[in-house]
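Single-letter residue listing:
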Amino acid sequence: LGVIPPMILVQALLAAANTFPKETGLGWDQLHPRALNRLSQDVILWVCAVLHNAERTGKWPEAAELVLIALLPKAEGGFRAIGLMPRLPRLWMRNRKHVAAEWEASMQKPYIYAGKKMGATVAAWKQGFRAELAAENGRTVNYCEALLDLVKAFDLVPHWVLIREGLNLGYPL
């Protein structure tokens, strides 16, 4: 399963819980992540152990697996689906955000993507410049360009493919 980060520590978990705004939406369990601050040290240690076990096994406890889908109306019509997750996965994601960010930073490829903190517009301009440069230098035969809009693409990718490719790229599962 790749490198598993060290066990989640109580202080880190509490710090992650406190990053949620007080008015944050609640999951289906109706528990605000900051409620963790009201638990005893022993209970928080137990929560850390549950999260560590989920990381180690790659499986959530059955009670934390359920994600309810709510359909919110869009201004232009139709609906936007959002997942209402319970507190444990939300806390874990917030606590491990830095691990994913470190991996993402190690995978930066500005020659494919526009680069860190650059959007699709910058990518389009950079690719356009490269195409113009190739044309100016008479190298259009060797130049190919493809710009893809991946906003909705991930809805279509099977989870087993994401896991396989994540493992191949060293993503910290």
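Everything below is about the structure shown above.
Counting starts from 1 at the beginning of each chain's written sequence and moves along it residue by residue. Reporting in this predicted model follows two pLDDT cut-offs: at least 70 for local features of residues, and 80 or more for side-chain atom pairs to be given and counted; totals over whole chains, interfaces and linings ignore these cut-offs and use all residues. Excluded from the side-chain calculations are hydrogens and water; all other atoms, namely the structure's heavy atoms, are used.

As a further point, take the overall build of the protein. For the purposes of this entry, the term helix denotes a DSSP run of H or I that reaches at least four residues, the term strand denotes a run of E that reaches at least two, and both are numbered from the N terminus. Regarding its fold elements, the protein presents six helices and two strands. In the protein, the succession of α and β elements from N to C terminus is α-α-α-β-β-α-α-α. Of all intrachain contacts in the protein linking residues separated by at least 6 positions in sequence, the fraction that spans at least 24 positions is 54%. Surface accessibility of the protein: about 12600 Å² in total, with carbon and sulfur atoms responsible for 62%. Here, residues are in contact when the closest pair of their heavy atoms is within 4.5 Å. Here the open area of atoms and residues is found with the Shrake-Rupley method and a 1.4 Å probe, where only the protein chains shown may cover a residue.

Within the patch definition used here, like charges are joined within 9 Å and nonpolar side chains (Val, Leu, Ile, Met, Phe, Trp, Tyr) within 5 Å, considering only residues with over 30% relative accessible area and no salt bridge. The salt bridge definition used is simple: a Lys or Arg side-chain nitrogen within 4 Å of an Asp or Glu carboxyl oxygen. A grouping of Val 67, Ile 69, Leu 71 and Phe 79 is seen on the molecular surface, where their side chains present a nonpolar patch of about 420 Å² in accessible area. Examined against the element boundaries, Leu 71 turns out to sit in strand β1 (residues 68–73).

As used here, the term nonpolar core means buried Ala, Val, Leu, Ile, Met, Phe, Trp, Tyr and Cys residues forming a set that is joined through side-chain atoms within 4.5 Å. Partly exposed describes any residue whose relative accessible area lies between the buried limit of under 20% and the exposed limit of over 50%, with all areas from a 1.4 Å probe on protein chains only and scaled to the type maximum. In this structure, Val 10, Leu 13, Leu 14, Ala 17, Phe 20, Leu 36, Ile 44, Val 47, Cys 48, Leu 51 and Leu 91 together form the largest nonpolar core, which totals 11 residues. At the level of elements, α1 (10–17) and α2 (41–57) are the ones that each hand at least two residues to this core. Once residues within four sequence positions are removed from consideration, Ala 17 is found in contact with Pro 33, Arg 34, Leu 36 and Leu 91.

Residue position: Ala 35 is located in the loop between α1 and α2. Residues Ala 35 and Asn 18 lie 17 residues apart in sequence; the distance between their C-alpha atoms is 9.2 Å.

Tallying each qualifying case throughout the model produces three salt bridges. Among the salt bridges present, the one from Arg 96 reaches Glu 55, with a minimum N-O distance of 2.6 Å. Taken together, the positions of Arg 96 in helix α4 (residues 87–106) and Glu 55 in helix α2 put the pair 41 residues apart, joining distant regions of the chain. For the pair Arg 96 and Glu 55, one class covers both residues: buried. For Glu 165, the salt bridge goes to Arg 164, with nearest N and O atoms at 2.8 Å. Residue class for Glu 165 comes out partly exposed when judged on its relative accessible area of 32%. Here Arg 164 falls in the partly exposed class, since its relative accessible area comes to 38%.

Next up on the list: the packing of aromatic side chains. The criterion for an aromatic pair is that two Phe, Tyr or Trp rings (for Trp, the six-membered ring) have centres within 6.5 Å, with stacked assigned to planes under 30 degrees apart, edge-to-face to planes over 60 apart and tilted to the rest. Going through the model one piece at a time under the given rule, you end up with two aromatic pairs. Seen from their ring centres, Trp 60 and Trp 92 are 5.8 Å apart, and the 85 degrees between their planes marks the pair as edge-to-face. Note that Trp 60 is positioned in the loop between α2 and α3 (62–65) and Trp 92 in helix α4, a separation of 32 residues in sequence. Since its relative accessible area comes to 22%, Trp 60 is described here as partly exposed. Above the plane of the ring of Phe 20 lies Arg 94, whose end atom (NZ or CZ) is 3.8 Å from the centre. For a ring to carry a charge above it, either NZ of a lysine or CZ of an arginine must fall within 6 Å of the ring centroid while also lying within 35 degrees of the normal to the ring plane.

We now examine unusual backbone geometry. Located in the positive-phi region is Gln 30, a residue other than glycine, with phi close to 60 degrees. Positionally, Gln 30 belongs in the loop between α1 and α2. Given the relative accessible area of 54%, Gln 30 is considered exposed.

All right, on to the pairing of β1 then. Judged from the six bridges that link them, β1 and strand β2 (residues 79–84) form a sheet pairing that is antiparallel. Bridge pairing in β2 places Ala 70 opposite Ile 82. Counting the residues between successive antiparallel strands, the hairpin from β1 to β2 contains five residues, one of them, Gly 77, with a positive phi of roughly 105 degrees. Think of it this way: DSSP has to see at least two bridges between two strands before they count as a pair.

What follows concerns the packing of α1 against α4. The axes are straight lines fitted to the C-alpha atoms, using for helices just the contacting stretch, and the angles between their N-to-C directions are given from 0 to 180°. Across the interface, α1 lies against α4 with an axial gap of 9 Å and an inter-helix angle of 105 degrees. Between α1 and α4, the interaxial angle falls into the category roughly perpendicular. Taken together, the residues of α4 that come into contact with α1 (itself represented by Ala 12, Leu 13, Ala 16 and Ala 17) are Leu 91, Arg 94 and Asn 95. Split by residue class, the contact of α1 with α4 holds five nonpolar, one polar and one charged. Oblique is the label for every angle not falling under 35 degrees (roughly parallel), over 145 degrees (roughly antiparallel), or within 65 to 115 degrees (roughly perpendicular). The residue classification treats Ala, Val, Leu, Ile, Met, Phe, Trp, Tyr, Cys and Pro as nonpolar and Asp, Glu, Lys and Arg as charged. All others, Gly included, are polar.

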